[in-house]
Amino acid sequence: MDLPSILIAEDDERTRILLQTMLENLGYPIVGSASDGMEAVEKTLALKPGALLLDIGMPVLDGLEAARRIFAETLVPIVVLTGMSDDETLEQARALGVQAFLLKPLSSKEQLRAAIVIATTICERQRADADRIDTLNSTLESTRVKSVPKALGTYGLTRRETEVLHLLAEGRPNAEIGNELGLSPRTVEKHVEHILDKLGVKSRTAATRLVADAGHRRSKAS
C-alpha cells in the first residue's frame, strides 16, 4: 500500500528536521514544509498532501486557526503536534475535526507512524460520512421539490422559493427554514415576500392553505 505524502508544519527547525528524518526512515514521501500557520494553510491547499503534521503553537496563525481554515476548504488528515497536554486545547482541536495528536518531544518513529495511520483512517470515515450526507441532502431536496403540488408550478416560483414554500406549509418559522436551507433570516424573509407576491396572497397562512388546496385537487385528480 502506498504511504500518504506528508506536509510538515513546524516552526522549530530542529523539530522539523527530526520529523523529516523520522518520516524518511519510515518511507513516507515529504511534499514540503511550513514554518508558520499561514504558510501551512497555503501549502496544504496548494500541494494537497496525504496528511499534515501541524504544530499547534505556530506563529502568524496558531495550529487551531490553521486547521479551521484548512477544514473550511478541504478535508485532510491532520496530526496535531503539541508540547502541551491542555485538555481544553485538545478538545477544541477535536471539535474542529482534527483526527490525531502527538505530544512533543516524540519518543519514537513508531508513535509517528501510528498517529498518521489513525489520522488517515478517521479521515476516510469522515469523507464517507460527508458523501452520505450530501447524497441524503440531494435526495431530500429532490423529494421536497417533487412533493409540492404541480398546480403551484403555474405561479412561476423558483426552485428555492418552492423549497421555502414547502417548509412554510410545514409550519416552520423563518429561522428554522434558514437553518434547513443554509440561508440567512433576511434571505428567507425576502423569499417569503416574493412567494406571497407571486401567489397573490397576503399571509403565510393563506400561502399554506393554497398549498393544501392544491394538494387536495391533485389527490382527487389522481
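Everything numeric in this text was worked out from a predicted model, so none of it was measured.

Glancing now at the nonpolar core. Core analysis: the largest hydrophobic core is formed by 20 residues, its most contacted members being Ala9, Leu52, Leu54, Ala67, Ile78 and Val98. Mapped onto this core, the elements with two or more residues apiece are strand S1 (6-9), helix H2 (37-47), strand S3 (51-55), helix H3 (63-73) and strand S4 (78-82). When residues of this core are assigned to their parent elements, the largest contribution, five residues, is made by H3. When neighbours within four sequence positions are excluded, alanine 9 is seen to be in contact with Ala34, Ala40, Leu52, Leu53, Leu54, Asp55 and Met58.

Right, let's get into the pattern of salt bridges. Tallied over the entire structure, the rule returns 14 salt bridges. As a salt-bridge pair, glutamate 65 and arginine 69 come within 3.0 Å of each other at their nearest N and O atoms. Here glutamate 65 pairs with arginine 69, and both are found in helix H3, just four residues apart, close to one helical turn. Glutamate 65 gets classed as partly exposed once you look at its relative accessible area, which sits at 23%. Taking relative accessible area as the criterion, arginine 69 reaches 35% and is therefore assigned partly exposed. Put simply, arginine 160 and glutamate 163 hold a salt bridge, and the shortest N to O gap is 2.7 Å. Of this pair, arginine 160 and glutamate 163 both sit in helix H6 (residues 159-169), three residues apart, which is roughly one turn of the helix. Taking relative accessible area as the criterion, arginine 160 reaches 30% and is therefore assigned partly exposed.

The subject of this paragraph is the confidence of the model for the protein chain. In low-pLDDT regions, the fine details of the predicted coordinates are not to be read closely. In the predicted model, the protein chain carries a mean pLDDT of 85, and the fraction of residues at 70 or more is 86%. Averaged pLDDT values for the elements of the protein chain fall to 67 in helix H9 (residues 204-221) and rise to 98 in S1.

Another aspect to go through is the pairing of S4. Along S4, five of the five residues are buried, which leaves the element largely enclosed by surrounding structure. In S4, alternate side chains face the same way, and those of Ile78, Val80 and Thr82 on one face and Val79 and Leu81 on the other are all buried. Note: S3 against S4, four bridges, orientation parallel. Note on S4: the bridge partner recorded for aspartate 55 is leucine 81. Note: S4 against strand S5 (residues 100-103), four bridges, orientation parallel. Across the sheet, leucine 81 pairs through a bridge with leucine 102, a residue of S5.

A cis amide bond links lysine 104 with the next residue in sequence, proline 105, at an omega value of -5°. Structurally, proline 105 can be placed in the loop between S5 and helix H5 (109-147). Within the chain, lysine 48 stands out as a residue other than glycine whose phi angle is a positive 50°. Within the element layout of this structure, lysine 48 appears in the loop between H2 and S3. Residue classification places lysine 48 among the exposed residues on the basis of a relative accessible area of 63%. Positive phi outside glycine occurs at valine 60, with the angle close to 70°. Along the polypeptide, valine 60 turns up in the loop between S3 and H3. The exposure class assigned to valine 60 is exposed, which follows from its relative accessible area of 66%.

Calculation criteria
- Residues numbered from 1 in each chain as written.
- Predicted model: local features only at pLDDT ≥ 70, side-chain atom pairs only at ≥ 80, totals over all residues.
- Heavy atoms only, no water.
- Core = buried A, V, L, I, M, F, W, Y, C linked by side-chain atoms within 4.5 Å.
- Buried < 20%, exposed > 50% of the residue type's maximum accessible area, 1.4 Å probe, protein only.
- Helix = DSSP H or I, 4+ residues; strand = E, 2+ residues; numbered from the N terminus.
- Contact = heavy atoms within 4.5 Å.
- Salt bridge = Lys/Arg side-chain N within 4 Å of Asp/Glu carboxyl O.
- pLDDT = per-residue confidence, 0-100.
- Pairing = 2+ DSSP bridges.

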